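Okay, here's what each chain looks like letter by letter:
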Amino acid sequence: MPLSLPLPITPLRIACALAMATSLAACQTSTMTSNSVATSTSSIATKDLSHSTVNKNTLNKKTTSKKSPSSALAMDMSGRHEYQLENGLKVVIKEDHRAPVAMTQIWYRVGSADEPLDKGGISHLLEHMMFKGTADISSDDYERLIAKFGGVNNAFTSYDYTGYYELFPANRMPLALELEADRMKNLTFNDKEFAKEHQVVMEERRQRTDDNPLAKAYESFRLLALPNSPKGESVIGPMNELESIKLSDLKDWYKTWYAPNNATLVIVGDVQPQEVLAQVKRYFGKLAPSNVPKRNAVTQKGFRGYQKVDSEQAVQVPVLLMGYNVPSLVTAGANNEKQAYALSLAQDVLDGGLSARLESRLIREQGLLTTVGTSYDFLDRGDGLFMIQATPREGVSLEQAQQAIISEIEKLKTDPIAADEISRAKTNAVTGLVYAQDSMEGQARMIGSIQSIGLDDRLLAKLPTKLDGISVADIQAASKKYLVKDNLTVMHIVPPKENTTKAQ
Ligand SMILES: [Zn+2]
């Protein structure tokens, strides 16, 4: 049952509440329990918007009954305007006049996948420091200004980007621009503030990962499954690396990556584009571009042979993790983009709602599992993982659960896929996107995340057509190519020995 997955399959990013030194638990993890083609990132935790996670399966349950053909659902690209300032800042403005508010998001093209091998977590630590004030606006003033004018704000860090946002009444949107432009270049780095925030972030790691058996297992699973990729390491970074980061490292990281030519500014709301552009020029136009380095390649050689490990963790019940190394839309390349779309549809056939194969067959018909969920994100800057997570029913071993899942994957490659399964998968893929458009936050997030992985968000408008062009043969070909044992990493997560006799 995907909704009750015990572990966020893809803890893509860390979203932080205002990294207040006084509140060790200020950060909120925003994770996906199951990704969809729609949402490369699913939610931004904010103080006022939501800490909830978007779960594709939640969307599915709301939408699958309609059986709309995917082509009938179009992404609304009207009111979208794109500009580039002379200093390289990309600006995407999307008019949405449904409510008198405006979401401003700035997305820096830097994240944990760009970090040096010995500085894991530096992007996220810098994200915290970004709330510590500039020469002109102190940390306290920043907070006061946002509160005084009815705004909410937050930040987030992922493998491929670090972002900041403010939601204001539309007429206060220029304040968001002023604040973001100011801290793009004028951040103050204070030893005392750093010392406090360093502790905050290490505590965040303890709470989220070290004290969470499944998160810990998942962190080591990624290292095993993605040994050559910078995405093998967690966004928050290993404790020893986090500990070793100095204030001077953060300053360097900031100077290297925080520049107008390495950012996308996204504004969605009740705004007039020309007025917004004038304000953007006013605040950002004077900032100088930098020589931004080329980003790390995010590739992972697949087909390294079958790998399986057992991991003893303080879990209540055994958990199975399986991951296949797969390309994304970016790494598949234009000639092979069908593979990425096909894998995405394969994921939906297996796990797109209650009637999808894994749930209907392995949970309800055969009674082998109590939970199962999958994830695959084709909107990714690098190669990724096609993940499956399951909890066997009591009396069923992890090995039996694994074999049952593999058997379903084998059937996917050879047995017919019914028309209604395909149609549901295509509809699911697109409805997730349409649903995300309901909020200004969702629209801005889609634009910013897709821009940050080097793609044009207008591809969303073409998505229904692209998916309609994928055949059963394409799905089977992609599954035969990538969902194979030689390309599989498995982890059997088991409770400490004394508790395992019943379950194992
Ligand atoms: Zn944080």
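Residues numbered from 1 in each chain as written. Predicted model: local features only at pLDDT ≥ 70, side-chain atom pairs only at ≥ 80, totals over all residues.

## Let's talk about the overall build of the protein
So, point 1. Summing up its helical and strand segments, the protein has 17 helices and 13 strands in all.
So, point 2. The 504 residues of the protein split such that 54% are buried.
So, point 3. Pairs at least 24 residues apart make up 79% of the contacts formed inside the protein by residues separated by at least 6 positions. (Helix = DSSP H or I, 4+ residues; strand = E, 2+ residues; numbered from the N terminus. Buried ≥ 20, exposed ≤ 12 C-beta atoms within 10 Å, placed from the backbone. Contact = placed C-beta atoms within 7 Å.)

## Side note on the sheet that holds strand β13 (residues 488-494)
So, point 1. Strand order in the open sheet formed by five strands is β9-β13-β10-β12-β11, and the pairing between neighbours is mixed. Each end of this open sheet is capped by a strand with a single partner; those strands are β9 (307-312) and β11 (369-375). The mean angle between the axes of side-by-side strands here comes to 15 degrees, regardless of whether they run parallel or antiparallel.
So, point 2. Against the sheet, helix α6 (residues 213-225) makes contact with β9, β10 (319-326), β12 (384-392) and β13, and its axis sits at roughly 30 degrees relative to β10, the strand it touches most. (Pairing = 2+ DSSP bridges. Axes fitted to C-alpha atoms, helices over the stretch in contact; angles between N-to-C directions.)

## Description of helix α11 (residues 337-351)
So, point 1. With 15 residues, α11 ought to run about 21 Å at 1.5 Å a step, and its terminal C-alpha atoms sit 22 Å apart, in line with that.
So, point 2. The buried fraction of α11 is high, at 13 of 15 residues.
So, point 3. Of the residues flanking the end of α11, it is Gly353, one or two places downstream, whose phi is positive at about 105 degrees. (Expected span 1.5 Å × (residues − 1).)

## Re the nonpolar core
So, point 1. Grouped together as the largest cluster of nonpolar side chains are 127 residues, with contacts concentrated most on Ile267, Leu321, Leu343, Leu345, Ala346 and Phe386.
So, point 2. The leading source of residues in this core is α11, at eight residues.
So, point 3. For this core, the domains that each give at least three residues are domain 1 (79-284) and domain 2 (307-499).
So, point 4. Ignoring sequence-local partners within four residues, the contact set of Leu343 consists of Val326, Tyr376, Phe378, Phe386, Ala478 and Tyr482.
So, point 5. Listed in part, the five residues of the second largest apolar core include Ala113, Tyr159, Val235 and Val298. (Core = buried A, V, L, I, M, F, W, Y, C linked by C-beta atoms within 7 Å. Domains from an automatic or database assignment.)

## Section: the environment of Leu265
So, point 1. Of note, Leu265 is situated in strand β8 (residues 263-269).
So, point 2. On the basis of neighbour counts, which here come to 27 C-beta atoms within 10 Å, the residue Leu265 falls in the buried class.
So, point 3. In this structure the C-alpha to C-alpha distance between Leu265 and Ala444, which are 179 residues apart in sequence, comes to 9.4 Å.
So, point 4. Dropping the residues within four chain positions of it, Leu265 is found in contact with Leu89, Lys90, Val91, Ile106 and Val280.

## Focus on the confidence of the model for the protein
So, point 1. Residues of the protein with pLDDT of at least 70 account for 84%, and the chain-wide mean is 86.
So, point 2. Throughout residues 500-504 the model reports pLDDT below 50, and contacts reaching past four residues in sequence, or to other chains, amount to nine contacts. (pLDDT = per-residue confidence, 0-100.)

## Details of the pairing of β8
So, point 1. Among the seven residues in β8, seven count as buried, and that is most of the element.
So, point 2. Residue alternation in β8 divides its side chains into two sets, Ala263, Leu265, Ile267 and Gly269 and Thr264, Val266 and Val268, and both sets are buried.
So, point 3. When strand β4 (residues 90-95) meets β8, the two strands line up parallel, connected through six bridges. Directly across from Ile93, in β8, lies its bridge partner Ile267.
So, point 4. The sheet contact formed by strand β5 (residues 101-108) and β8 spans seven bridges and is antiparallel. From the neighbouring strand, Thr104 faces β8, where its bridge partner is Ile267.

## Considerations on the packing of helix α5 (residues 191-210) against α6
So, point 1. At a minimum axis distance of 6 Å, the contact between α5 and α6 shows a crossing angle of 90 degrees. Regarding the angle of α5 to α6, the classification is roughly perpendicular. Taken together, the residues of α6 that come into contact with α5 (itself represented by Arg208, Thr209 and Asp210) are Ala215, Lys216 and Glu219. (Parallel < 35°, antiparallel > 145°, perpendicular 65-115°, else oblique.)

## Quick look at the packing of α11 against helix α17 (residues 472-482)
For any two helices packed against each other, one specifies the crossing angle of their axes together with the interaxial distance.
So, point 1. Direction vectors running N to C along α11 and α17 enclose 95 degrees, while the axes themselves pass 8 Å from each other. As summarised for this structure, α11 and α17 are arranged roughly perpendicular, according to the angle between their axes. Residues Lys338, Gln339, Ala342, Leu343, Leu345 and Ala346 of α11 form the contact with α17, whose own contacting residues are Asp474, Ile475, Ala478, Ser479 and Tyr482.
So, point 2. For the contact of α11 with α17, the class distribution of residues is seven nonpolar, two polar and two charged. (Nonpolar A, V, L, I, M, F, W, Y, C, P; charged D, E, K, R; others polar.)

## A look at the environment of Pro318
So, point 1. Note that Pro318 resides in the loop between β9 and β10.
So, point 2. Along the primary structure Pro318 and Thr391 are separated by 73 residues, whereas in three dimensions their C-alpha atoms are 6.4 Å apart.

## Comments concerning the environment of Val280
So, point 1. The residue Val280 is located in helix α9 (residues 273-284) in this model.
So, point 2. Looking at Val280, the number of C-beta atoms within 10 Å reads 22, which means it is buried.
So, point 3. If we skip the residues at most four places from it in the chain, Val280 touches Val91, Leu177 and Leu265.

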